[in-house]
Amino acid sequence: MTAYDVIVLAGGAAKRLGGADKPGLRVGGRALLDRVLSACADAAVTVVVGGRRATARPVVWTREVPEGGGPLAALGAGLRLTTAERVLVLSADLPFLGRGTVDALLTAAGEPGREGALCTDPDGRDQPLVAAYRAEPLRRELALIATEHGSLAGLPLRLLTAELDLARIDAGPDASFDCDTWDDIAAARARIREHGAVLDEWITSVKNELGIDLDVDTALLLDLARDAAHGVARPAAPLTTFLVGYAAARASAGDSPDEAAAAVAEAARKATDLALRWEAEAEASGGEAAGAEGSGGGTANGTAGGAGRDAGREGTGTP
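Predicted model, so just to flag it, every value in this text is computed and none were measured.

Draft legend 1. Inspection of the overall build of the protein chain at higher detail. Helix and strand counts for the protein chain stand at 12 helices and 9 strands. Residues counted as buried form 39% of the 319 residues belonging to the protein chain. For the protein chain, the share of sequence-separated contacts (at least 6 apart) that also reach a separation of at least 24 residues comes to 65%. Put simply, the protein chain shows about 17,400 Å² of open surface, and 54% of that area lies on carbon and sulfur atoms.

Here it is in C-alpha cells:
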C-alpha cells in the first residue's frame, strides 16, 4: 500500500455527552481514540487535532484555529502537517473501524479521476469523517472555501464534499458507527461482548495493551488449550498456552511479525502433539488396567495374585 497520512479529529464539545472527554471514553477497555489509531497504525504521519492526551502510539498534535472552530477548521489545521498524496480523515469516536475499511477507502481514493472516497452509513448518508482524500484537491477546495467565507471556522463539511469527485464505500453498519450519545457508548460496549465478536475484540485489546504486533491464530491456540485441558488436566490449558508464547518469543527474537507468528504456530503444534500423546497414554493405561481386572489376576488357591506374592515375600522375610 502506498504511503498515506491520517488526520484524526478529536476536538469538539461533546454536548450530547454532557461535555465528557469523548476520545478518552473506553469501549472494550480501550479509549475510543486508541481504537481509531489502531486501524491506521501504518500511516506515515498521524495528526490528531485536539487536546493532548496519552495515546497507544506516537502522534503529532495540533489544534484548530479558533479552538472549537468545527470540523473544516480542524481538517485545515491537520492538513498543514501532512505531506502524503492521500490523506485518511477520521473522527475519534469510531469504535469498530477496521483495517479492511481503511484499505478500501485508500484504494478507492487512488482510482483514476477520483479525488477521494468516503463511507456511507446503512441509511445511505455520506460520512465525510470516515474517508480518504487526495491531498491536492483537498487543499485546493479548503483554500477556495476559506477565501469565499473568510475562514473555515463554523462551516459544515458538506461545503467540501459537494465539490469533490468522491467514490462511495458501503463498509457495513459497524465501520461508520460513531459514539455521539451515552446510548451509543452503551451499545458499543454491549456489541463487543456479543458471542461472535468477544474473542476477537479481547485478543485485539490484549495485543494493543501489551504492544504486540502479531497475527494470532486464535483457533489454533484454543484447540491447544482444549487438548491440554482434556488430555492432561484443566489447569494445564492456560499454563501451556503461556509456555507456548514464551517459547515462541525466545525462538523468534528479532524476527519479523510473520516469523514470530510462524514460531507461535510451531510451538503450538509441538505442545498439541504432546498433549495428544498424554491423552493416548492415559487411555491406553486405562484399557490395560481394565483388562487386568477382567482377567481376575487370581492364583490357583483363589488368592489374588498380588496378595499371594506379598504373602510369599512375608514368608521369606523379603522386606
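Draft legend 2. The packing of aromatic side chains, seen in detail. Summed over all chains, the structure comprises 2 aromatic pairs. Summarising the aromatic geometry, the rings of Phe96 and Phe177 are spaced 5.8 Å apart at their centres and angled 55° between planes, so their arrangement reads as tilted. Note that Phe96 is positioned in the loop between β6 (86-91) and α3 (99-109) and Phe177 in the loop between α6 (172-175) and α7 (182-191), a separation of 81 residues in sequence. Aromatic pair Phe242 and Tyr246: ring centres 6.5 Å apart, planes at 25°, arrangement stacked. Here Tyr246 and Phe242 lie together in helix α10 (residues 236-251), a separation of 4 residues that amounts to about one turn. A residue is classified by how much of its surface remains accessible, and Phe242, at 56% relative accessible area, is exposed. Cation over ring: Arg191 sits above Phe177, and NZ or CZ is 4.7 Å from the ring centre.

Draft legend 3. Quick peek at helix α2 (residues 71-79). Across the 9 residues that make up α2, a large majority, 8, are buried. Every buried residue of α2 is accounted for by Leu72, Ala73, Ala74, Leu75, Gly76, Ala77, Gly78 and Leu79. Tucked inside the fold, the buried residues of α2 contact β1 (5-9), β4 (45-49), β5 (60-62), β6, α4 (135-149) and α5 (158-161).

Draft legend 4. Spatial organisation of the pairing of β6. The buried fraction of β6 amounts to 6 of the 6 residues, a majority that puts the element mostly inside the structure. Residues Arg86, Leu88 and Leu90 of β6 are buried on one face, and the alternating residues Val87, Val89 and Ser91, pointing to the opposite face, are buried as well. Bridge count for β1 against β6 is 5 bridges, and the pairing is parallel. What sits directly across from Val6, in β6, is Leu88.

Draft legend 5. Spotlight on the nonpolar core. Ranked by size, the top nonpolar core spans 29 residues in total, and within it Leu88 and Leu90 carry the most contacts. Elements supplying a minimum of two residues to this core: β1, α1 (32-38), β6, α3, β7 (116-120), β8 (126-134) and β9 (166-170). For this core, the element with the most residues is α3, which contributes 5 residues. Setting aside chain neighbours within four positions, we find Leu90 in contact with Val6, Ile7, Val8, Leu9, Val36, Cys40, Leu97, Leu129, Val130 and Ala131.

Draft legend 6. Seen up close, the sheet that holds β6. The strand order across the open sheet formed by 7 strands is β5-β4-β1-β6-β8-β7-β9, and the pairing between neighbours is mixed. The open sheet has two edge strands, β5 and β9, and neither has a second partner. Strand after strand, the sheet turns through a mean of 25° between neighbouring axes, direction not considered. With 3 bridges connecting them, β4 and β5 associate as parallel partners. Across the sheet, the residue bridging to Val49 is Thr62, located in β5. The strands that α3 touches are β6, β7, β8 and β9; relative to β7, the one it contacts most, it runs at about 140°.

Draft legend 7. Structural view of the pattern of salt bridges. For the coordinates displayed, the defined rule picks out 18 salt bridges. The salt bridge involving Arg63 is made with Glu67; its shortest N-O contact spans 3.7 Å. Looking at Arg63, the relative accessible area reads 30%, which means it is partly exposed. You can call Glu67 exposed: its relative accessible area is 56%. Put simply, Arg140 and Glu115 hold a salt bridge, and the shortest N to O gap is 3.1 Å.

Draft legend 8. Fine view of the pairing of β7. Among the 5 residues of β7, 5 are classified as buried, and the element is accordingly described as predominantly covered. Here β7 shows two buried faces, one formed by Gly116, Leu118 and Thr120 and the other by Ala117 and Cys119. As paired strands, β7 and β8 are joined by 5 bridges and run antiparallel to one another. Directly across from Ala117, in β8, lies its bridge partner Ala132. Counted between consecutive antiparallel strands, the loop separating β7 from β8 contains 5 residues, among which Gly124 sits at a positive phi close to 85°. Two strands pair when backbone bridges link them, and β7 and β9 are joined in this way by 5 bridges, in the parallel orientation. Bridging across to β9, Leu118 finds its partner in Arg168.

Draft legend 9. Just unusual backbone geometry, in detail. Looking along the chain, the bond that leaves Val65 and enters Pro66 is cis, with omega of -5°. Mapped onto the fold, Pro66 is located in the loop between β5 and α2.

Draft legend 10. Region of the structure containing the side chain of Glu64. Looking at where Glu64 falls in the secondary structure, it is placed in the loop between β5 and α2. Residue classification places Glu64 among the buried residues on the basis of a relative accessible area of 4%. Within the structure, Glu64 has its side chain in polar contact with the backbone nitrogen of Gly68 (distance 2.8 Å). Apart from residues no more than four positions distant in its own chain, Glu64 is found in contact with Val49, Gly69, Ala73, Ala74 and Ala77.

The rules behind each value
Residues numbered from 1 in each chain as written. Predicted model: local features only at pLDDT ≥ 70, side-chain atom pairs only at ≥ 80, totals over all residues. Heavy atoms only, no water. Helix = DSSP H or I, 4+ residues; strand = E, 2+ residues; numbered from the N terminus. Buried < 20%, exposed > 50% of the residue type's maximum accessible area, 1.4 Å probe, protein only. Contact = heavy atoms within 4.5 Å. Areas by Shrake-Rupley, 256 points an atom, 1.4 Å probe, with all protein chains shown as cover. Phe/Tyr/Trp six-rings, centres within 6.5 Å; stacked < 30°, edge-to-face > 60°. Lys NZ or Arg CZ within 6 Å of the ring centre and 35° of its normal. Pairing = 2+ DSSP bridges. Core = buried A, V, L, I, M, F, W, Y, C linked by side-chain atoms within 4.5 Å. Axes fitted to C-alpha atoms, helices over the stretch in contact; angles between N-to-C directions. Salt bridge = Lys/Arg side-chain N within 4 Å of Asp/Glu carboxyl O. Polar contact = N/O pair within 3.5 Å; in protein donor to acceptor, adjacent residues only side chain to side chain.

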